[in-house]
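Breakdown of the fold
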Amino acid sequence: MRLSETWFAEGYIDFELQKYRLLAYLKEVNQCFSEAKLYPQLSDVIFHYNNLVSFRDHKKLIQEQFPRRLDRLDAEKLELVYRRMLEDSEIMQEMEDITSYAIGQMKETIDSGTEIYEHVEQHLRIDPVGILPLYRREGYVLLRYGNHSEVRAYRYTVTLFEHQFARYKGLKMGYFDSWQNSIADTYEMIKRELIRRQPELPNPAVYAVESEMIFPVDETLLPVTRRLLVRYIQAD
């Protein structure tokens, strides 16, 4: 189940109705968390939480304050909804009840997801393979987890994107190939094979990421690895 960006101000403004929608959404999110699947659920619930806090704190939905994913039409629609609600004290009270309740419920879910995230991160170890070059905005991640001998290689690229007040670093990762970690295929040997097959990166930055525990790869290990690697590269 997905919530729209403006779910709390859509349709009939009724606390019980919106509460039902919210709890159904959070039930699915928490089910994923119970399976240690963090993404995209964690980032999605944080997105909705921030929307609600903005609505509560600013009491005015203007385009600069509302989420960037909204287009102009959505922002204008919400402005009209807000103006209509200002004229009806009962609706405003209902909205305040909805947002207050939803913020509390989402905060509990976010805290649960954050605990899982920190648990996963604590069991991840990252080490450079060989000597790192000066240029580290492109390279490879060698991922291994649990007692699996499989090593998954991902090519990464550090990206920059700008917000109104700051610049942020992100990291894109794409699957490249897999090897079986052994005497014949050590991390150093896999690095040499990557260089042979991708000569446009003759001296790449390569990082080995290992998890002593097994977690879902796409939903958890890779998203946490991306964030961890961005911090690691910035700290170098």
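Residues numbered from 1 in each chain as written. Predicted model: local features only at pLDDT ≥ 70, side-chain atom pairs only at ≥ 80, totals over all residues. Heavy atoms only, no water.

1. Here's the deal with the overall build of the protein chain
- What the protein chain contains, in helices and strands, is 6 helices and 5 strands.
- Buried positions account for 43% of the 236 residues belonging to the protein chain.
- Within the protein chain, contacts between residues separated by at least 24 positions form 66% of all contacts whose residues are at least 6 apart in sequence. (Helix = DSSP H or I, 4+ residues; strand = E, 2+ residues; numbered from the N terminus. Buried < 20%, exposed > 50% of the residue type's maximum accessible area, 1.4 Å probe, protein only. Contact = heavy atoms within 4.5 Å.)

2. Concerning helix 5 (residues 187-197)
- Within the span of helix 5, buried status applies to Tyr187, Ile190, Lys191 and Leu194. Along the axis of helix 5, the buried positions cluster into a sector of 105°, meaning they face one direction only. Summarising the geometry of helix 5, the exposed residues directed more than 90 degrees from the buried face are Arg192 and Arg196. (Arc of directions from axis to C-beta.)

3. Section: the nonpolar core
- Among the nonpolar cores identified, the biggest contains 52 residues, and Trp7, Met106 and Tyr156 are the most heavily contacted of them.
- Ranked by the residues each element gives to this core, the list is headed by helix 4 (residues 89-122), at 10 residues.
- Counting 12 residues, the second-largest nonpolar core is a separate cluster that includes Val151, Ile190, Leu194 and Leu201. (Core = buried A, V, L, I, M, F, W, Y, C linked by side-chain atoms within 4.5 Å.)

4. As for the packing of aromatic side chains
- Enumeration according to the criterion identifies 6 aromatic pairs in this entry.
- For the ring pair Tyr140 and Phe176, a centre distance of 6.1 Å and an interplane angle of 65° mean the geometry is edge-to-face. Of this pair, Tyr140 sits in strand 2 (residues 138-145) while Phe176 is found in strand 4 (residues 167-180), placing the two residues 36 residues apart along the sequence.
- Relative to Tyr207, the ring of Tyr156 has its centre 6.3 Å away and its plane inclined at 50°; by these criteria the two rings are tilted. Within this pair, whereas Tyr156 is found in strand 3 (residues 150-162), its partner Tyr207 is found in strand 5 (residues 205-211), the two being separated by 51 residues in sequence.
- Judged by its relative accessible area of 0%, Tyr156 is buried.
- Among the aromatic side chains, those forming a connected cluster through ring pairs are Tyr156, Tyr207 and Tyr232. (Phe/Tyr/Trp six-rings, centres within 6.5 Å; stacked < 30°, edge-to-face > 60°.)

5. Considering unusual backbone geometry
- Of the consecutive residues Tyr39 and Pro40, the connecting peptide bond is found in the cis state with omega at 10°.
- Of note, Ala36 is a non-glycine position whose phi angle comes to about 60°, a positive value.
- Structurally, Ala36 is set in the loop between helix 1 (15-34) and helix 2 (41-58).

6. Some thoughts on the side chain of Asp44
- Summarising the element assignment, Asp44 is placed in helix 2.
- By relative accessible area, Asp44 is classed as buried at 8%.
- Engagement of the side chain of Asp44 in a polar contact is seen with the side chain of Tyr25, the distance being 2.7 Å. (Polar contact = N/O pair within 3.5 Å; in protein donor to acceptor, adjacent residues only side chain to side chain.)

7. Quick notes on the pattern of salt bridges
- If you walk through the whole model with that rule in mind, you get 11 salt bridges.
- Here Glu210 makes a salt bridge to Arg144, at a shortest N to O gap of 3.4 Å. With Glu210 in strand 5 and Arg144 in strand 2, this residue pair connects regions lying 66 residues apart in the sequence.
- Take Glu210: its relative accessible area is 26%, and that puts it in the partly exposed class. (Salt bridge = Lys/Arg side-chain N within 4 Å of Asp/Glu carboxyl O.)

8. Remarks on the pairing of strand 5
- Most of strand 5 is tucked away: 6 of the 7 residues are buried.
- Two strands pair when backbone bridges link them, and strand 1 (residues 124-128) and strand 5 are joined in this way by 5 bridges, in the antiparallel orientation. Directly across from Leu124, in strand 5, lies its bridge partner Ser211.
- Across 7 bridges, strand 2 lies against strand 5 in parallel orientation. If you follow Leu143 over to strand 5, its bridge partner there is Val209. (Pairing = 2+ DSSP bridges.)

9. A look at the environment of Arg155
- Mapped onto the secondary structure, Arg155 falls in strand 3.
- Arg155 sits in the partly exposed class, given a relative accessible area of 22%.
- As for Arg155 and Leu194, which are separated by 39 residues in sequence, their C-alpha atoms are 9.7 Å apart.
- For Arg155, the residues in contact, after removing those within four places along its chain, are Glu138, Gly139, Tyr140, Lys172, Met173, Gly174, Phe176, Gln198, Glu200 and Leu201.
- Among the polar contacts made by the side chain of Arg155, one reaches the side chain of Glu200 at a distance of 2.9 Å.

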